[in-house]
Amino acid sequence: MTTTASSPTLPHEPAHLLHPKYRPDIDGLRAVAVLSVLGYHAFPEWMPGGFTGVDIFFVISGFLITTIILGSFEGEGFSYREFYARRVKRIFPALALVLLASFAFGWYTLLPHEWEQLGKHVAAGAGFVSNFAFWSEAGYFDNAAETKPLLHLWSLAIEEQFYIFWPLLLGLAWKRKWRVLAVLGAVAAASFLVNVTTIHAHRTAAFYSPLSRFWELMIGGMLAYMRLHRPPPIPGWRRHAQSVAGLALIVLGLCFIRGGKAFPGWWALLPTLGAFFCIAAGPTGVLNRTVLASRPMVWVGLISYPLYLWHWPLLAYARILEGQTPSDTTRLLALLASFLLAWLTYRFVERRTRRSENPAVTSALVVVMVGFVLLGLLAASRYYVGRHSDPYFNKITAASRDWTYPDGLNPVEVGGEGLFQIGQGQRKVLLFGDSHIEQYGPRAVELAKRAPDTLDALSFATWGGCPPIPNVYDEKPNLCAERREGAMRIAVSDKVDAVVFGACWNCYFAHPPKSDPGDGVEDSYYYFDGKTKTQLKDAMGVDLSLRMLEVVMTTLAKQKPVYLVLDNPIGNDFGPEKLVKGGRLGDMSVRRMSPTAPWPPEQKALHERMRQMAIRAGATVIDPIPTLCKNDQCTRADADGTPIYKDAGHLRSEYVRQLATFIDPALTGGAQQQQPPSQPSR
């Protein structure tokens, strides 16, 4: 994505390196690539395959760099020193500016754990190993990616690794008189084979590894060899056909490739072959001449490298500051700002450093980049802290992110329904409910590690915000009814030996006198008997819903063991996110969480009502309250202030994994004597 070799020829270029004849249509192709990436990052619903613009950049870079290297070998000779000096002057200045701005703004706004991560990413970006850094962290399409301001540097790292590897290999091939096209083909074939064989089993590795990406640059490299040694097709229909076919393939990729597909894999052939045909068509191809070489496209192409560098930090910081996906207006303003910053960078920084013949400029740029590596490492290792340096921020943010379901579980399909399973026990247990059943997934995973022989064969049939009660619906559009019916069919069948019901009962039924929109209580649910719709916020709606749940449990309990998991306390007093006060751009503080909070009386009343209901139905009660509460004071943090809740409603995974032993009878009942229904705990 760097503007390496197709920009207009500048004065004082090194004599030992070939400079390809300037082609405005290649700058136009760069514009297609960068605009696709910007569209995907800012408005993914409009440009779902826009991330393939990076693959177009790879082909362009492979073509231009291979043209320079081979042309120089066949001309006045190739100078490694001049080659790398040119790369430094064209890549380092804009990158240094973006690193500096991202680092400075991060110091002012980021929380301690975010600042440490940014330090790691600055060091990796300056050292051109970002792809390996992000490879070790997470996938490109996960939510955490949206809050990493330097995530986009992974592709620049792959290009830089190519710039190190490729001249050396071509130099060796030239010196030993190997067939260069055979070398190109062998590298491309090997890399493509790595790509398609790892994409399913090791998707993150296939995405970030240079071994699975070099084939894309090799496509451009093979075209460069053919253009240097074989005459291009004469101007006419063949060039026009290549031009049309190239842009058509690129557009197909933008329209049909999605982040959820196995990419790069075979799908990457669409953008890469599209770029290949566009470049092969030459400047006289019909769409190359009329579209790609148009003045607006060329202008965007000339600033494409700084534009690519600037856009993502602006979007990522907007996401961090707002704490959610920014509004359309904010994202549009971020893109406009990135265009302005890119033009200023190109006009006043890039052009001046590229024209300079002073060797001290190259040396200074290398020193600056080494400085960023050291500065990033200091931040990552906590020797250099940001403005928000209170370490308690880390505990709060770690808690709010501590949700691991369905990690460790296996996705399967049973009776046409998608479930998650774990355990190999004789007894088959269906856990049926919403996210308040999902929160116990980590305990099942922990038992599978500690005592696998005791764990039943568990199947989680859970969907967030979907109560496992027939005739209960949500005003908001979702698939709860269909999923509940499918899970209920499994529950009554002989496919399972026991059923565990659980949900955020407090969310649906424990309404305080004045409902607070932020307290986790939902007002959009209702009970529908086929004729009358009764809101759950009314006492009658609660009565009807609980009566239906009791009927279901009573019927099932005559056939198989049934468990009812009572709810944990919920509300703003339990959520760690409310402890942070102020804004990132102003004064921000974090209040320490005391160990306990009062058990809301309406939740206590519902708890007792549901406990008695389970006993009447013949179900075994799973009660978290004796573990969590004492004298109506309920634990929300441990002794050193570490929250045990992820948010206002859910227990965090680390707590559940180690201490939620009260759920064990439902998960290991097949390996122990059946316990009688629980009696009152107080």
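Above: the structure in question.
Remember, it's a predicted structure, so these values are computed and weren't measured experimentally.

K.L.:
Please give an account of the overall build of the protein that cites residues and values.
P.N.:
The helix and strand tally for the protein stands at 26 helices and 15 strands. Considering only C-alpha atoms, the protein reaches an extent of 95 × 50 × 50 Å along its principal axes. Partitioning the intrachain contacts of the protein with sequence separation of at least 6 by distance along the chain shows that 80% fall at a separation of at least 24. Just so you have it, the protein exposes about 28,500 Å², and 61% of that area is on carbon and sulfur atoms. If you average the places of the 67 positive and of the 57 negative side-chain charges in the protein, the two averages end up 9 Å apart.

K.L.:
Summarise a nonpolar patch on the surface; cite the residues concerned and give the values.
P.N.:
On the surface, F105, W107, Y108, L321, L378, Y383, Y384 and L585 cluster together to form a nonpolar patch covering roughly 770 Å² of accessible area. The dominant element in the nonpolar patch, judged by the number of residues it contributes, is helix 3 (residues 80-109), at three residues. Relative to the helices and strands, L585 resides in the loop between strand 10 (580-582) and strand 11 (588-590).

K.L.:
Describe unusual backbone geometry, and please don't skip the residues or the numbers.
P.N.:
Cis geometry is found at the peptide bond from F263 to P264, where omega equals 10°. Following the sequence through the fold, P264 ends up in the loop between helix 10 (237-256) and helix 11 (269-281). The omega torsion across Y405 and P406 is 5°, close enough to zero to call that bond cis. In this fold, P406 is placed in the loop between helix 17 (392-400) and strand 1 (410-414). Phi is positive for K177, which is not a glycine, with a value near 60°. When you line up the elements, K177 lands in the loop between helix 6 (153-175) and helix 7 (180-198). Positive phi outside glycine occurs at N631, with the angle close to 55°. Residue position: N631 is located in the loop between strand 14 (629-630) and strand 15 (633-635).

K.L.:
I'd like to hear about the packing of aromatic side chains, residue by residue, with values.
P.N.:
Counting across every chain of the model gives 39 aromatic pairs. On the numbers, 4.9 Å between centres and 75° between planes, the contact of Y508 with Y525 is edge-to-face. Of the two residues, Y508 is situated in helix 21 (residues 505-509) and Y525 in strand 7 (residues 525-528); the sequence distance between them amounts to 17 residues. The same class applies to Y508 as to Y525, namely buried. An aromatic cluster is defined as three or more aromatic residues linked by ring pairs; in this entry it consists of F73, F78, Y80, F83, Y84 and W174. The ring centre of F83 lies 4.9 Å from the NZ or CZ of R87, which sits over that ring.

K.L.:
An account of the sheet that holds strand 15 is needed here, citing residue identities and associated values.
P.N.:
Taking strand neighbours across the sheet as the criterion, the three strands line up as 12-15-14 in an open arrangement whose pairing is antiparallel. Sheet topology places strand 12 (596-598) and strand 14 at the edges, where each strand pairs with a single neighbour.

K.L.:
A description of the sheet that holds strand 7 should follow, citing residues and the corresponding values.
P.N.:
Read from one edge of the open sheet, three strands run 5-7-8, paired in antiparallel fashion. Each edge of the open sheet is held by one strand with a lone partner, namely strand 5 (472-474) and strand 8 (533-535). Taken pair by pair, the neighbouring strands of this sheet meet at an average axis angle of 40°, ignoring direction. Strand direction decides the pairing type here: strand 5 and strand 7, joined by three bridges, are antiparallel. Directly across from D474, in strand 7, lies its bridge partner Y525.

K.L.:
Which residues make up the environment of V542, and what are the values?
P.N.:
By the secondary structure assignment, V542 is in helix 22 (residues 539-557). Along the primary structure V542 and D567 are separated by 25 residues, whereas in three dimensions their C-alpha atoms are 16 Å apart. Dropping the residues within four chain positions of it, V542 is found in contact with F509, L536 and R609.

K.L.:
Could you give an account of the environment of S79, with specific residues and numbers?
P.N.:
Structurally, S79 is set in the loop between helix 2 (53-74) and helix 3. Counting along the chain gives 407 residues from S79 to G486, while the straight-line C-alpha distance between them is 68 Å.

K.L.:
Describe in detail the state of the cysteines, supporting the description with residues and values.
P.N.:
Inspection of every chain in the model, using the stated rule, returns three disulfides. In the protein, numbering the disulfide-bonded cysteines from first to last in sequence yields the connectivity 1-2, 3-4, 5-6. Free cysteine C255: the closest other cysteine sulfur is in C278, separated by 15 Å.

K.L.:
I'd like a rundown of the pattern of salt bridges, residues and numbers included.
P.N.:
Inspection of the entire model under this criterion finds 25 salt bridges. Salt-bridge contacts for K148 lead to E137; the nearest nitrogen and oxygen are separated by 2.9 Å. In this pair, K148 is assigned in the loop between helix 5 (130-135) and helix 6 and E137 in the loop between helix 5 and helix 6, connecting sequence segments eleven residues apart. Put simply, D456 and R427 hold a salt bridge, and the shortest N to O gap is 2.9 Å. Pair noted here: D456 is in the loop between helix 19 (441-450) and strand 4 (457-462) and R427 is in the loop between strand 2 (417-422) and strand 3 (428-433), with a separation of 29 residues, a long-range link. When sorted by exposure, D456 lands in the same class as R427, which is buried. Through salt bridges with shared partners, one network takes in D55, R213 and E216.

K.L.:
Help me get a handle on helix 2, residues and values and all.
P.N.:
Under the 1.5 Å per step criterion, the end-to-end length of helix 2 is 32 Å for 22 residues, consistent within 8% with the ideal 32 Å. In terms of burial, helix 2 is a largely internal element, 21 of the 22 residues being buried.

K.L.:
Describe the pairing of strand 4, with residues and values.
P.N.:
Extensive coverage of strand 4 is indicated by the burial of six of its six residues. In the sheet, strand 2 pairs with strand 4 via three bridges, with the strands oriented antiparallel. Within strand 4, the position partnered with Q421 by the bridge is S459.

Cut-offs used in this document
Residues numbered from 1 in each chain as written. Predicted model: local features only at pLDDT ≥ 70, side-chain atom pairs only at ≥ 80, totals over all residues. Heavy atoms only, no water. Helix = DSSP H or I, 4+ residues; strand = E, 2+ residues; numbered from the N terminus. Contact = heavy atoms within 4.5 Å. Areas by Shrake-Rupley, 256 points an atom, 1.4 Å probe, with all protein chains shown as cover. Lys, Arg positive; Asp, Glu negative; His and termini not counted. Charge placed at Lys NZ, Arg CZ, Asp CG, Glu CD. Patch = residues over 30% accessible without salt bridge, like charges linked within 9 Å, V, L, I, M, F, W, Y side chains within 5 Å. Salt bridge = Lys/Arg side-chain N within 4 Å of Asp/Glu carboxyl O. Phe/Tyr/Trp six-rings, centres within 6.5 Å; stacked < 30°, edge-to-face > 60°. Buried < 20%, exposed > 50% of the residue type's maximum accessible area, 1.4 Å probe, protein only. Lys NZ or Arg CZ within 6 Å of the ring centre and 35° of its normal. Pairing = 2+ DSSP bridges. Axes fitted to C-alpha atoms, helices over the stretch in contact; angles between N-to-C directions. Disulfide = S-S within 2.5 Å. Expected span 1.5 Å × (residues − 1).

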